[in-house]
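Summary of structural features
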Amino acid sequence: MKIRLMTKIIEKLIGIWTKYSLVLQQKKNIASLTILENYMTSMILEGEALKRTSLIDIQNKLNESRKFLKYLSQK
């Protein structure tokens, strides 16, 4: 009986730790992508039109990271 209880506690802790790690990783991703988005926007405003596609990709990744973080926060 004690082994089952210990196993359940360990599984619960692993789940909590994994969720915490994912939340932290998403926050890091959002911070990095925001910096990159600002850089690309600056380059485009300076006339580098070739960066537009990259900016769109970064914005899509940023939006997806925010959605995933919101999902993780709700669980």
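Summarised in this report is the structure supplied together with it. (Residues numbered from 1 in each chain as written. Predicted model: local features only at pLDDT ≥ 70, side-chain atom pairs only at ≥ 80, totals over all residues. Heavy atoms only, no water.)

**Description of helix α2 (residues 52-74)**
Applicable threshold: Helical segments are the DSSP runs of H or I of at least four residues, strand segments are the runs of E of at least two, and each set is numbered from the N terminus. Helix span is expected to be 1.5 Å times the residue number reduced by one. Buried means the residue's accessible area, taken with a 1.4 Å probe over protein chains only, is under 20% of the maximum for its type, while exposed means over 50%, and partly exposed covers the values in between. Between two residues, a contact is recorded if the distance between any of their heavy atoms is within 4.5 Å.
The terminal C-alpha atoms of α2 lie 33 Å apart, and with 23 residues this matches the ideal 33 Å at 1.5 Å per residue to within 8%. Every buried residue belonging to α2 is among Leu55, Ile58, Leu62, Ser65, Leu69 and Leu72, and all of these are buried. On its buried side, α2 packs onto α1 (2-45).

**What about the nonpolar core?**
Soluble, globular proteins show a tendency: their nonpolar side chains are buried together. The cut-off we apply is this: In this text, buried Ala, Val, Leu, Ile, Met, Phe, Trp, Tyr and Cys residues form a nonpolar core when linked through side-chain atoms within 4.5 Å.
If you look at the biggest cluster of nonpolar residues, it comprises 10 residues: Val23, Ile30, Leu33, Met40, Ile44, Leu55, Ile58, Leu62, Leu69 and Leu72. Listing elements by their share of this core, those giving two or more residues are α1 and α2. Here Ile30 is in contact with Leu62, Ser65, Arg66 and Leu69, once residues within four sequence places are set aside.

**Observations concerning the packing of α1 against α2**
The following threshold applies: What counts as an axis is a line fitted to C-alpha atoms, over the stretch in contact for a helix, and the angles between N-to-C directions run from 0 to 180 degrees. These descriptions rest on fixed angle ranges, namely under 35 degrees for roughly parallel, over 145 for roughly antiparallel, 65 to 115 for roughly perpendicular, and the rest for oblique. By definition, any crossing whose near helix is turned counterclockwise from its far helix by less than a right angle is left-handed, and any crossing with a clockwise turn is right-handed.
Running from N to C, α1 and α2 cross one another at 155°; their axes reach a closest spacing of 9 Å. It follows from the interaxial angle that α1 and α2 lie roughly antiparallel. Two packed elements cross with a definite hand, and for α1 against α2 that hand is left-handed.

**Side note on the packing of aromatic side chains**
The condition that has to hold: In this analysis, rings of Phe, Tyr and Trp, with Trp reduced to its six-membered ring, are considered paired at centre separations within 6.5 Å, and the interplanar angle assigns stacked below 30 degrees, edge-to-face beyond 60, and tilted for intermediate values.
In total, this model carries 2 aromatic pairs according to the counting rule given. Ring geometry for Phe68 against Tyr71: centres 6.4 Å apart, planes inclined by 15°, an arrangement best described as stacked. Linking Phe68 with Tyr71, this pair stays in helix α2, spanning 3 residues, or about one helical turn.

These figures capture arrangement, not role.
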